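Chain and residue survey
The lines below spell out each chain.
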Amino acid sequence: MHTAAALAILAGVSKPLMAQNGGVITGVVKNAATGSPVANAKVHVVSERRSYVTGGDGTYRLTVDSVRVEVRVTAVGFAPVTQIVVLNASVGTIVTFELQPSAVPLDEVVTLGTRAIERTGTQSAVPIDVISTQMMENTGVIETWQQLQRLLPSVFGPHIPFFDNGVRPITLRGLAPHHSLLLVNGKRRHPAATLLSGPSVPFMGFTDINAIPTSAIDHVEVLRDGASAQYGSDAIGGVVNVVLKSRRQRDLRASVGQVFSSEGGRTFHDGRVLDAAGGYGAVSNNGSHVTLAGEFRNRGGTNRAYPDMRPQYFPGDPRNNEPARISGYVGDGELRDLSFFIDAAAPISSATEVYAFGGAAQKNNLTPDPFFRRPLDPRTVRAIFPNGFLPRTETNIGDISGVAGIRGSIHDWRWDLSSVWGDDRVSYHVENSNNVSLGAASPTRFYIGRVSAQQWTSSLDISRDATVASIPVTLATGMEFRVETYQIRAGDADSWRDGGVRILDGPLAGQPAPVGAQAMLGFRPVDEVSPRRSNTAVYLETDGRLSQRLLVQSAVRAERYSDFGPTYDGKLAGRVQALSWLAARGSVTTGFRAPSLTQAYFSGARVTLQTVNGVNSILTRHTFPVNTYEAQLMGAKPLRPEKSVSLSAGVVLNKASLPFITADLYQVKINDRTGLVSAVTDTALIRVFEENGLRGIDAGDYFANMIDTRTRGVDIVVSHGILLTRTGVLQILGGYNYNKTLVTHVAPPPSQIEASGSVRFNRLTRGIIEQGQPRQTITLGLDYSAGPLGLNLHNQHSGPTAQLDLTNPDLDEHVSAKWVTDVRASYRLRSRLEIALCVANLFDVYPPEWKDYKNGVNATGVSMQGIFRYPGALSAVGENGRTVYLQLSYR
C-alpha cells in the first residue's frame, strides 16, 4: 500500500515534465529451444544505465528516452541477443526476445573502474569480477562475505571465534580490511565504528558488508586493482561495489540451517540459523521505480572448547575431583540481525531523474568470553560466583545510511550530484561478570559504553563521450567534500572504577583486587572523545581508445584533509588487443589511506593473549590515542597517511569454444602502514597508569606508522561452459590466488620504548602481517542446470597461515591448507517456486590442531592447557564443521 502510494506520488510529480519522445517497451524473454520463459534475464538499453531483470514469467518492462534504441538481452546459459527497437507510441511497443541455449559465460557491463557507459568486465584495462545474485545463491551459503569468499580466490573473510561481535569484514589480495573500499551503487559506504579483533586482523578498521541485506543486491562488482586516484582513500587493494536491485520484483526466500558435525568423538547440533529475506519492486509507466528489501537472521552460537582439566578450587577442596566440564568458549556468538534497504528513482524530465537509496540494520550479538574465571581465580568474587563464571559480552549495533541525488545529461554531458550520510553505533554490555574491587556489592551486569562514527559525503561527477583528434574519449571530472566524526561515550562507573575493596578471601586475601568489569573494562569519562575532520577532493579521468586495439585510461586526484594536509595520486592503465582472442593489460597507480579517526582517537582496555617462548599469558592492555599523555610517554607521534604504489600486468584469453581465462600479476608497496604498537610493559609506565586510575593494566599501546610492506601475487580466473543437452548447461568457474606480503622496513622505535626494553614491532606482529591470511587459494565451482534441476558443487583450498611466537621460531604455529567442499541441489517446483538443499563443508573438515594441544593440561601455549584445540581464526575453514541448510524461494 505504501509502495503503491510512493509510486503514485513519483509518477504524479514526474508526468508533467516527461518529454514526448521515447516510451515504454514491454515483452517476454523466452527459451528458443523450449518456448518456456527465461527468469533472471537482463534486458539492457545499450548506451544507457537502464536495465530490467525478468522474473519467473520472463516478462520485462523498459522505459526509454528515444524512439530508436539498441537493446541487449543476456542470461546465464544462453547466448546474448542484441536488437534495434523502434518505438510505436500509438499502439505501444511489444518485443519478444528468444534466447538460444549456450554455454558462453556472461560478459556484464560494469560501472566500476571507468566512467565509460558501455564497458564490460572482459574489455576493462584492469581486473574486474562481476558476481550475480544467482551465482551468490548457488554457493549454498547465506551471508554475503561467505559467498564472495567462495567465488573469488583473492577474497578472504576472516573467521573470528574469539570475541565475535557479529560483524564480518573481507580482505582483497592479502591486505588489511581497511585497504578495500566498499561502494553501494557507486557511492562510498561509511565505515564501522568499532575495530576488529582476531589474530589475522587485529584492531583494524573495516566496513561491514553484512549490513546490506542479500535480498537487496542485484550483483557485486569487484575491482582487483589500486583505485585511490579514482575513488579516494582506502582503495589501495581494490574496490567492492554492491549494486542494488531496481526493478519489478516479488522475491521471498527462507533458509533454515543447523550444524551437523562430529570431531574428537563429540557430536554437535548447534549453530541453528533462520534466515528470511524478501524484496518488492514496482515500476511505473514513466520509469519511476521503488524497491524495498529486507532480511532477518537469527543465528545460534557454536562452541568448540574442550573440558577444562585444571584444578578449579583451592588445593584440598574435594570438588577438584569432580569431572572436568566445558567452561570456556570458542566459536560464533548468538546473533539476531534485522536489516532493510530501499532504492527509488523518478524522472523529472526526459534527461533528468532524482534518486534515493539507503537502509538500516540492527544487530544484537551475545558472545561468551573465551576464558572461564575459575573459583580460585583472583578475578572471581566467590561470594557472588562460588563456582566461577564465564562473562558474556552483548554488542548492539545500529547502522543507518541514506543517499539522495539528482542526475541527468545536458549537451552530451552526463552529471550526477549526490549526498551520502552514514552512521554506525555500537554499544556494549557485559553480563554474568563482576568487578572484584567492589567486593560482594559488585553488580553482575555492566554498561561498558558506546562508540559511534558518522560520515557525510557530497559529490558532483561529470562525464561525456567525445572525439578528440578522431580518437573516441570519455572525459570525467568531479569534486567531493567529506566530513567524518567519531565519538566514545563512557559506561557505568562500576564498569571501570576502582572500588577500593581488596580481595576478600583465599591465599591472596587482602591484596589489591583487579579493577573493572571482567571481559571488558568500561570506557571512562576521560576516554570520551568527539573528533571531527573534513576533506575536499577533485579528480580528472580520461578513457580513450587510441586505436582499434589500444585502450588507455588515466586518472589524477588531489585531496586535502583538515588534519594532515594534502595528498596527490595518479593512475595509468592500458589494454592492447593483440589478437581477436588475446589481450594484454596493465596498470600503475599510486594510492593512499587516511588514518581513520577510530585509530587516531580510540581509547579503551581489553584482554589479549601473548605467547613468549611457548608460554601463553593473558594481559590487560589499554590503547591510548596518540595525543594523550600516556601515549606520548611511549613515544607516540601524530599519524600520517599510508602511501602505496601498485603495479599489475595481465592477459585475457577469450576464444570461442575454449575456456575464458584472465591472469594478472600484481605488486603493492605500502609505506607507513598503520598498526598497533606491541604491548609496552615498562614498570614506570604501569605506575603512570596507576596514578591515573588505571590500576590492573598490564601494558599500554597506541597506533603508529610502523612499517613498509611489499605484497606480490597472481590472480587467475577461468570460466567455461559446456552445452550438454538442449537445455542442460554446465558452467565451470575456477580461480587461483597466490600472494606474499613481506615487511620491508621497520621504523626505529622511539627512545622511550627503547629505554624501557620493550619492542614496538615484534615477531608476533610481523607474523600477522606476513602470514596471518592464506598465501594461496584455489577455487573450483561446477554449476549444472537442466530445466527445473540445478546442481552446484564448490571446492576451495586455502592456506597456509601461521602465528609466530614472540621470541622462539621453534614454537611458531603453522596452519596447513585444507580443502572444503560445498554442495547445493535445487528443484523448481513451479515457474516461481524453488526448493534447495545446501551443505556447507560437506566432508566436515576442521583445521589442524594447535601443536601444544596434545600436551593437554600440561600445555603452556595457545591451547590454554588443552581447552582450545583448533586455530579457527587463522584458517578459512573455521571451526564450526558441517552446516546443512534447507531453502525455499519464490521469485
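Quick note: structure is the one above.
Residues numbered from 1 in each chain as written. Predicted model: local features only at pLDDT ≥ 70, side-chain atom pairs only at ≥ 80, totals over all residues. Heavy atoms only, no water.

So, the pairing of strand β14 (residues 238–244)
In terms of burial, β14 is largely enclosed, as seven of its seven residues are buried. Burial along β14 is two-sided: Gly238, Val240, Val242 and Leu244 facing one way and Val239, Asn241 and Val243 facing the other are all buried. (Buried < 20%, exposed > 50% of the residue type's maximum accessible area, 1.4 Å probe, protein only. Helix = DSSP H or I, 4+ residues; strand = E, 2+ residues; numbered from the N terminus.)

A closer look at the nonpolar core
Membership of the largest hydrophobic core comes to 54 residues, with the highest contact counts inside it found for Ile448, Val451, Tyr486 and Tyr702. Elements with a contribution of two residues or more to this core: β23 (413–431), β24 (446–468), β25 (471–490), α5 (597–601), α7 (683–691) and β35 (703–723). When residues no more than four places from it in sequence are discounted, the contact partners of Tyr486 are Ala193, Val451, Ser452, Ala453, Gln454, Val529, Ser530, Pro531, Leu597, Thr598, Tyr601 and Phe602. Counting 27 residues, the second largest nonpolar core, distinct from the first, contains Leu182, Val242, Leu244 and Phe341. (Core = buried A, V, L, I, M, F, W, Y, C linked by side-chain atoms within 4.5 Å. Contact = heavy atoms within 4.5 Å.)

Overview of a nonpolar patch on the surface
A cluster of nonpolar side chains, contributed by Val256, Leu274, Leu789, Leu791, Tyr827, Leu829, Ile835, Leu837, Leu886 and Leu888, occupies part of the molecular surface with about 830 Å² of accessible area. Of all the elements in the fold, those that place two or more residues in the nonpolar patch are β38 (789–799), β42 (833–840) and β43 (883–890). By the secondary structure assignment, Val256 is in strand β15 (residues 249–259). You can call Val256 partly exposed: its relative accessible area is 43%. (Patch = residues over 30% accessible without salt bridge, like charges linked within 9 Å, V, L, I, M, F, W, Y side chains within 5 Å. Areas by Shrake-Rupley, 256 points an atom, 1.4 Å probe, with all protein chains shown as cover. Salt bridge = Lys/Arg side-chain N within 4 Å of Asp/Glu carboxyl O.)

Some remarks on the pattern of salt bridges
Counted under the stated rule, the structure contains 49 salt bridges. Where Arg310 meets Asp308, a salt bridge forms, and the shortest distance between an N and an O atom there is 2.8 Å. Each member of the pair, Arg310 as well as Asp308, carries the same accessibility label: buried. For Glu849, the salt bridge is made with Arg869, and the minimal N-O distance between the two is 3.0 Å. One end of the pair, Glu849, is in the loop between β42 and β43; the other, Arg869, is in the loop between β42 and β43, and 20 residues separate them in sequence. Accessibility expressed as a relative area gives 33% for Glu849, which makes it partly exposed. You can call Arg869 buried: its relative accessible area is 17%. Each member of the salt-bridge network shares a partner with another, and the members are Glu480, Arg482, Glu484, Arg533, Arg557, Glu559 and Asp563.

Details of the side chain of Thr741
With respect to the helices, strands and loops of the structure, Thr741 is situated in strand β36 (residues 728–746). Separated by 2.8 Å, the side chains of Thr741 and Thr711 make a polar contact. (Polar contact = N/O pair within 3.5 Å; in protein donor to acceptor, adjacent residues only side chain to side chain.)

Describing the environment of Asp234
Relative to the elements of secondary structure, Asp234 occurs in the loop between α4 (228–231) and β14. Taking the C-alpha atoms as reference points, Asp234 and Pro177, 57 residues apart in sequence, are found 9.2 Å from one another. Setting aside residues up to four positions removed in sequence, Asp234 forms contacts with His178, His179, Ser180, Leu181, Arg188, Phe592 and Arg593.

Without other data, these values stay purely geometric and don't point to any function.
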